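# Remarks on the overall topology
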Amino acid sequence: MSAIALFRAPAGRATLWRRFFTQETLLAGAIIGLAVVVGLINPRFLAANNLADILLGNAYVAVAAIGMSMVIITGNIDISVGALIGVLATVSGSLAVAGAPIVVTWLAPLVLGVAVMGLQGVIVAYVGVPAIVVTLGMLSILKGGLISVTGGKWITDLPVAFHLADIEIFGFIPMPVAIMVGATAVAAVWMRWWPRGRAIYAIGGNAEAARLSGVSPRRTLVLVFALHGFFAGIAALLFATQLRVIQSTTPSGLEFTIITAAVVGGVSILGGVGTVVGATLAAVLIAEITSALVFINVSPFWTHAVQGTLILATVIADIERRRRRLAGAAR
Amino acid sequence: MSAVTTSARASRARIFLRHETVLAALLIVALFGLGLFNDRFLTVDNLLNQGRLMTEIGLIALPMTFVIITGGIDVSVGAMVGLCAIVLGYSWKNLGFPLPLAVVFSLAVGAAAGLANGLVITRIKVPAIITTIATLTLFRGLAEGISQAHSVRGYPDWFYFLGQGDVFGVPTQLLILIIAIAVFGVVLDRTSFGRTLYAIGSNETAARFSALPVDRVKLTAYTLSGLMSGISAFVLVSRVTTTRSDMGMGYELDAIAAVLLGGTSVFGGSGTIWGSVIGLVMIQLLKNGLALTGVKGDATIMVIGVVLIASVLIASSLQRRRE
């Protein structure tokens, strides 16, 4: 109900201002502003290799946040993605060590990611079990399964060709950054202009209305989960190839960082609103904040507290803003 | 809704198919099954020890039942356990609080944390799942920040009575859990507060129009969740004799699994304390039974995940058949 009211922007000068004053421009401003402030305190923060590290080390969070945004836009949630990325990275790395062709090691996490997430999507869409329960269960299945199979051993001696992150496009753009930007762009365009992509917003805004206008909420939901699995696969690949070793455990709390990126990026938790561009920018901002804390001599143990405050503040601001707009639309 | 039109035969079938009944039967079968596999399982010592181990999750699962009955959820409980444990240890060791005061202080912090959840959920109307995901990160982050990864040890001997002592041969904390179960059960069944929880879960708007204090009741439920997380932290610290910021990690999963396994609907409006207790015992015995038959600790997490999804799948298909 509210989604329709939100799409109708008020007329007049306010429109132009609101067009410019989006979550995306706000985030971009915050990214630059923070860089300037921290750069003034500690110029080493702005060193090219530090900025590159921020992007390179966190591209996988941004890529995973794309799929998470889609899931949240449909009004669902997924807390199994962190564990899934851990499993997929381990599978990919193990295949590489076992001597599988590099193409296979790169494709396996994508296929497996689509399969696992697609299965969850089917349970959510067709059996009607809430996503929070399904993904909570899957989280412990993946986590427990991974540790009991690998025993927490690190995967080392990865073949040189496996390291996707070493490839540079045109000789200067590192592959993870290219993938991050490319995936965000493709997903953003698809969700903005393709009917299938629009359908994601439709079922998040009002599933019944979407069904009546010929969109199948169930099929769309399965598609969204499958796509989320695909992006998780890419994220796992970036995660696996960024270092020379793979810790075969699930990165703890990763799902919350990914959800934070999606929500801080402007994806509304009530469904129906948000863009993947915002999510990617938010992922960069979060990584920047984490790095900045180190440069202004704040103990890294405070990182999660800052992250938690950030997500809570954004969520509260989102709800308040919606309420004010709704009140404005009703007047 | 369909209760009025149900025939006598169907209602007999319903008693038979009641989630708690099915679960209790399953529990007995599992008990004897595991007992046959391993002769160390069905012993008084082992069962009492399992009671000791399940108390920490049990204390959280009780208010979790309240919260889920209202149609909400609280995934920040594990983080609140961590925060309370750190506050307890830090205020005693670093701030020089006398230990009893430190305990009370950490319980107050737990209640305040739960109250904060409740305020964001009822006043600002942020969905419970998102609120508690955010505060999970925040509370765990506070625990990490305050402790700076230092653990606190060396508590006086009397402090361990709660976590390691016995009263008439029964583990101390198991007695506390039993008292808590009785209190929560009576409150849910016999007080207007308890009945309001169901009313909110079945239809929050209708509850509001019936002049029920919806926000106050929800606020109380989330505050209880924080307070009980504090008590759980107290028991945990006393049992393992140390305080670390990663304490209670993943407790939310076990507690929610116990509640849902016990037949409380994740959509709210139905559920019982007895169901949650059976769910809790099932999970603990499953863990223990599997461990005794040689399954490693991590694999049991996997089994809990399977059990959680399976129980909700079965519950929803039973529900569908009834309708």
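Since the model is a prediction, treat every value here as computed from it, not as a measurement.

If you tally the helices and strands in chain B, you get 14 helices and two strands. Relative to a compact globule of 323 residues, whose C-alpha radius of gyration would be 20 Å, chain B shows 20 Å and is just as compact. With the principal axes as the frame, chain B shows a C-alpha extent of 65 × 55 × 35 Å. The contacts in chain B between residues at least 6 apart in sequence include a share of 78% that link residues at least 24 apart.

On to helix α12 (residues 254–264) of chain A. Residues and elements named next belong to chain A. The element α12 is largely enclosed, with a buried count of 11 among its 11 residues. Regarding α12, the residues found buried are L254, E255, F256, T257, I258, I259, T260, A261, A262, V263 and V264. Looking at the residues trailing α12, positive phi occurs at G266, about 105°.

A word on helix α6 (residues 128–147) of chain B. All names here are of chain B. With 20 residues, α6 should cover 28 Å at 1.5 Å per step; its first-to-last C-alpha distance of 28 Å lies within 8% of that length. Counting buried positions over the 20 residues of α6 gives 18, a clear majority of the element. Where α6 ends, the next residue or the one after it, Q148, has phi of about 50°, a positive value.

So, on to the interface of chain B and chain A. Taken together, the contact between chain B and chain A spans 39 residues of the former and 37 residues of the latter. At the level of secondary structure, the elements contributing two or more residues to the side of chain B that touches chain A comprise α6, α12 (251–261) and α14 (297–322) of chain B. Looking at the side of chain B that touches chain A residue by residue, the class counts come to 26 nonpolar, eight polar and five charged.

Time to look at the nonpolar core. In a soluble, globular protein the nonpolar side chains are often hidden away together inside. Counting 189 residues, the largest nonpolar core has V63 and A64 of chain A as its most contacted members. Apart from residues no more than four positions distant in its own chain, A64 of chain A is found in contact with V81, I85, F231, A232, A235 and I258 of chain A.

Quick look at the environment of I79 of chain A now. Residues and elements named next belong to chain A. As for its position among the elements, I79 is in the loop between α4 (48–73) and α5 (81–97). The spatial distance from the C-alpha of I79 to the C-alpha of L136 is 6.2 Å, given a sequence separation of 57 residues. The residues touching I79, leaving out its near neighbours within four places in the chain, are T135, L136, L139 and E255.

All names here are of chain A. Running from N to C, α5 and α12 point in directions that differ by 120°, and their axes come no closer than 6 Å. Judged by the angle between their axes, α5 and α12 are oblique. Two secondary-structure elements touch here, α5 through V81, G82 and I85 and α12 through L254, E255 and I258. Residues that form the contact of α5 with α12 fall into these classes: four nonpolar, one polar and one charged.

The pLDDT averaged across chain A works out to 84; a share of 92% of its residues lies at or above 70. A low-confidence stretch, residues 1–11 of chain A stays under pLDDT 50, and its non-local contacts, those more than four residues away or across chains, total 16 contacts.

Conventions used here
- Residues numbered from 1 in each chain as written.
- Chains lettered and ligands numbered in written order.
- Predicted model: local features only at pLDDT ≥ 70, side-chain atom pairs only at ≥ 80, totals over all residues.
- Helix = DSSP H or I, 4+ residues; strand = E, 2+ residues; numbered from the N terminus.
- Rg over C-alpha atoms; globule rule 2.2 N^0.38 Å.
- Contact = placed C-beta atoms within 7 Å.
- Buried ≥ 20, exposed ≤ 12 C-beta atoms within 10 Å, placed from the backbone.
- Expected span 1.5 Å × (residues − 1).
- Nonpolar A, V, L, I, M, F, W, Y, C, P; charged D, E, K, R; others polar.
- Core = buried A, V, L, I, M, F, W, Y, C linked by C-beta atoms within 7 Å.
- Axes fitted to C-alpha atoms, helices over the stretch in contact; angles between N-to-C directions.
- Parallel < 35°, antiparallel > 145°, perpendicular 65-115°, else oblique.
- pLDDT = per-residue confidence, 0-100.

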